[in-house]
Amino acid sequence: MRTVLAAIDRLNIVLTLVVGGLLAVTAGAVLYQVIVRFVLTAAGINVSAPWTEELARYTLIWMVFLGAGVGCRRAQMIALEFLVRRMPARIGVPIRYATIALSIAFFGLLFWIGLPFVELGRTETSPVMNLEKSVVYWALPVGAALMILNSLALVVDCALEGRDIRFAADGPAAD
């Protein structure tokens, strides 16, 4: 089982690099749009770059879903956990496991809902980049599957290590 967890952690390292690359592409596209729209226009050069908005939007979508998957492995998703942390372990730990189970069910729903969007996207193209929209819509089921995988990995890792899952985000990052 530790081998599987190590493989998931290696996948998450790659995903973190991909998310960083997507962030760089997003920032570059937005910077280019600002230069074209404001700097060049102020200099009297009228250039249009409508593709930057689509590129930034699509990379941002992928960045969010891939990053959320990695966040699940590290227990770094936004949560109101101050109350659960203050409860005795016999009450707080089962509540934390229940919230993870509910989250996994929600991620499963996202995966299930995402698949019809992928099918719909095969018949649509983006207006400017002429990109098949299924490329963008795949972010939902892929991200949801990663969130499920990493949530399960978090639970297994805490069980194997004997750590209190309420404080999983406090420990060293699972890299």
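Note: the structure precedes this text.
This one's a predicted model, so the numbers in the text were calculated from it and none came from an experiment.

**So, the pattern of salt bridges**
Taken as a whole, this structure holds 8 salt bridges when the rule is applied. Salt-bridge contacts for aspartate 157 lead to arginine 73; the nearest nitrogen and oxygen are separated by 3.4 Å. Linking aspartate 157 in helix 6 (residues 139-161) with arginine 73 in helix 2 (residues 51-73), this pair joins segments that are 84 residues apart in sequence. Here the two residues aspartate 157 and arginine 73 agree in accessibility, since each one is buried. A salt bridge links arginine 85 to aspartate 170, with the shortest nitrogen-to-oxygen separation between them at 2.8 Å. Of this pair, arginine 85 sits in helix 3 (residues 82-86) while aspartate 170 sits in the segment after helix 6; the two residues are 85 residues apart in sequence, bridging distant segments of the chain. Arginine 85 sits in the partly exposed class, given a relative accessible area of 22%. When salt bridges with common partners are traced through the structure, they connect Asp9, Arg73, Asp157 and Arg163 into a single cluster.

**A look at the environment of glutamate 132**
Checked against the element boundaries, glutamate 132 lands in the loop between helix 4 (89-121) and helix 5 (134-137). Glutamate 132 has contacts with Gly121, Arg122, Glu124 and Thr125, leaving out every residue within four places of it along the chain. Engagement of the side chain of glutamate 132 in a polar contact is seen with the side chain of serine 134, the distance being 2.4 Å.

**A look at helix 1 (residues 2-42)**
Relative to the 60 Å expected for 41 residues at 1.5 Å per residue, helix 1 spans 59 Å between its end C-alpha atoms, a close match to the ideal helical length. Looking only at helix 1, the buried set comprises Leu5, Ile8, Asp9, Asn12, Leu15, Val19, Leu22, Thr26, Ala29, Gln33 and Val36. Residues of helix 1 that are buried make contact with helix 2 and helix 6. The first or second residue beyond helix 1 is glycine 44, which carries a positive phi of 85°.

Calculation rules
- The numbers attached to residues start from 1 for each chain and follow its sequence in the written order.
- Where local features are concerned, this predicted model is filtered to residues with pLDDT of at least 70; where side-chain atom pairs are given and counted, the filter is 80 or more; whole-chain, interface and lining totals use all residues.
- With hydrogens and water stripped out, all remaining heavy atoms of the structure feed into the side-chain values.
- The term salt bridge refers to a pairing of a side-chain nitrogen on Lys or Arg with a carboxyl oxygen on Asp or Glu at a separation within 4 Å.
- Helix and strand labels come from DSSP, where a helix needs a run of H or I of at least four residues and a strand needs a run of E of at least two; each type is numbered from the N terminus.
- Whether a residue is buried, partly exposed or exposed follows from its accessible area with a 1.4 Å probe, protein chains only, as a fraction of its type maximum: under 20%, in between, or over 50%, in that order.
- Contacts are assigned to residue pairs that have any heavy atoms within 4.5 Å of one another.
- The definition of a polar contact used here is a pair of N or O atoms within 3.5 Å, where within protein one atom must be able to donate a hydrogen and the other to accept one, and adjacent residues in sequence count solely through side-chain atom pairs.
- In a helix, the anticipated span is given by 1.5 Å times the number of residues less one.

The values reported here are purely geometric and, on their own, carry no functional implication.
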